[in-house]
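# Understanding the architecture of this molecule
Each chain is listed here by its residues.
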Amino acid sequence: MITVVFIMTVASCGDEFCEISDPFFEERCGVDKPCEVDLKEVFDFEWDKLYFFGSWSYPDEIEKIIGFDCDCEVVPDGETYVVFTKGKKIVKEYNTRCYLTFLGGLRNDKNGVVAIDARKTLFDVETRMQGNLPNYYLTPSNK
């Protein structure tokens, strides 16, 4: 099984993406409390694809991966561009400084872009502490 690790630091990020995701994981998952999370519950609006683009992703690369033109900019250093699409439309987008790193089989290109299909959003979550901050490791659920 290919394990995918999704690390989300729950420090107060001060951005909208963190304000949505952090409390959800914080409430449901703990160091001694593994849990299962459906990303459709975390992001409870209509979407069919979720993309994470790392620093220095360029608009032409983003457009190639999402499959249509967008009014995108180069992703600044230290940021992640999070894009939710439905069909050929961006329904939500965030530039975040939350520490978001995916490792393993979900990367769909050499630049480390991650794409998640809305039909496969169930993840097993393990919380590990890094200093006094929790990190959430997500592995696709077998259910």
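The structure contained in this document is the topic of the report that follows.

### Looking at the overall build of the chain
- Helix and strand content of the chain: three helices and nine strands.
- Counting from the amino terminus, helix and strand elements in the chain follow one another as β-α-β-α-β-α-β-β-β-β-β-β.
- Considering the chain as a whole, with its 143 residues, one finds that 45% of them fall into the buried category.
- Taking the contacts inside the chain whose residues are at least 6 apart along the sequence as the reference set, 54% of them involve residues at least 24 apart.
- A total accessible area of about 8000 Å² is found for the chain, and carbon and sulfur atoms account for 47% of it.

### Quick look at the state of the cysteines
- Applying the stated criterion to the full structure yields two disulfides.
- Put simply, C29 and C35 are joined by a disulfide, and their sulfur atoms are 1.9 Å apart. Its S-S torsion of approximately 50° makes the covalent link between C29 and C35 right-handed. Judged on exposure class, the residue C29 and its partner C35 are both buried.
- One disulfide bridge connects C70 with C72, the sulfur atoms lying 1.8 Å from each other. Taking the sign of the S-S torsion, about -130° here, the bridge from C70 to C72 comes out left-handed.
- Classification of C70 as buried rests on a relative accessible area of 14%.

### A few points about the sheet that holds strand β9 (residues 133-140)
- Reading across the sheet, the three strands line up as β2-β8-β9 and stay open at both edges, with antiparallel pairing between neighbours. Looking at which strands have only one partner, the edges of the open sheet turn out to be β2 (35-38) and β9. When the angles between neighbouring strand axes are averaged without regard to direction, this sheet yields 40°.

### Concerning the sheet that holds strand β7 (residues 114-117)
- Spatially, the four strands line up as an open sheet ordered β5-β4-β3-β7, and their pairing is antiparallel. In this open sheet, the two edge strands, each paired with only one partner strand, are β5 (89-96) and β7. Across the sheet, the mean angle from the axis of one strand to that of its neighbour is 15°, orientation sign disregarded.
- Across five bridges, the pairing between strand β3 (residues 49-53) and strand β4 (residues 80-86) is antiparallel. Across the sheet, residue Y51 finds its bridge partner in β4, namely V83.

Cut-offs used in this document
Residues numbered from 1 in each chain as written. Predicted model: local features only at pLDDT ≥ 70, side-chain atom pairs only at ≥ 80, totals over all residues. Heavy atoms only, no water. Helix = DSSP H or I, 4+ residues; strand = E, 2+ residues; numbered from the N terminus. Buried < 20%, exposed > 50% of the residue type's maximum accessible area, 1.4 Å probe, protein only. Contact = heavy atoms within 4.5 Å. Areas by Shrake-Rupley, 256 points an atom, 1.4 Å probe, with all protein chains shown as cover. Disulfide = S-S within 2.5 Å. Pairing = 2+ DSSP bridges. Axes fitted to C-alpha atoms, helices over the stretch in contact; angles between N-to-C directions.

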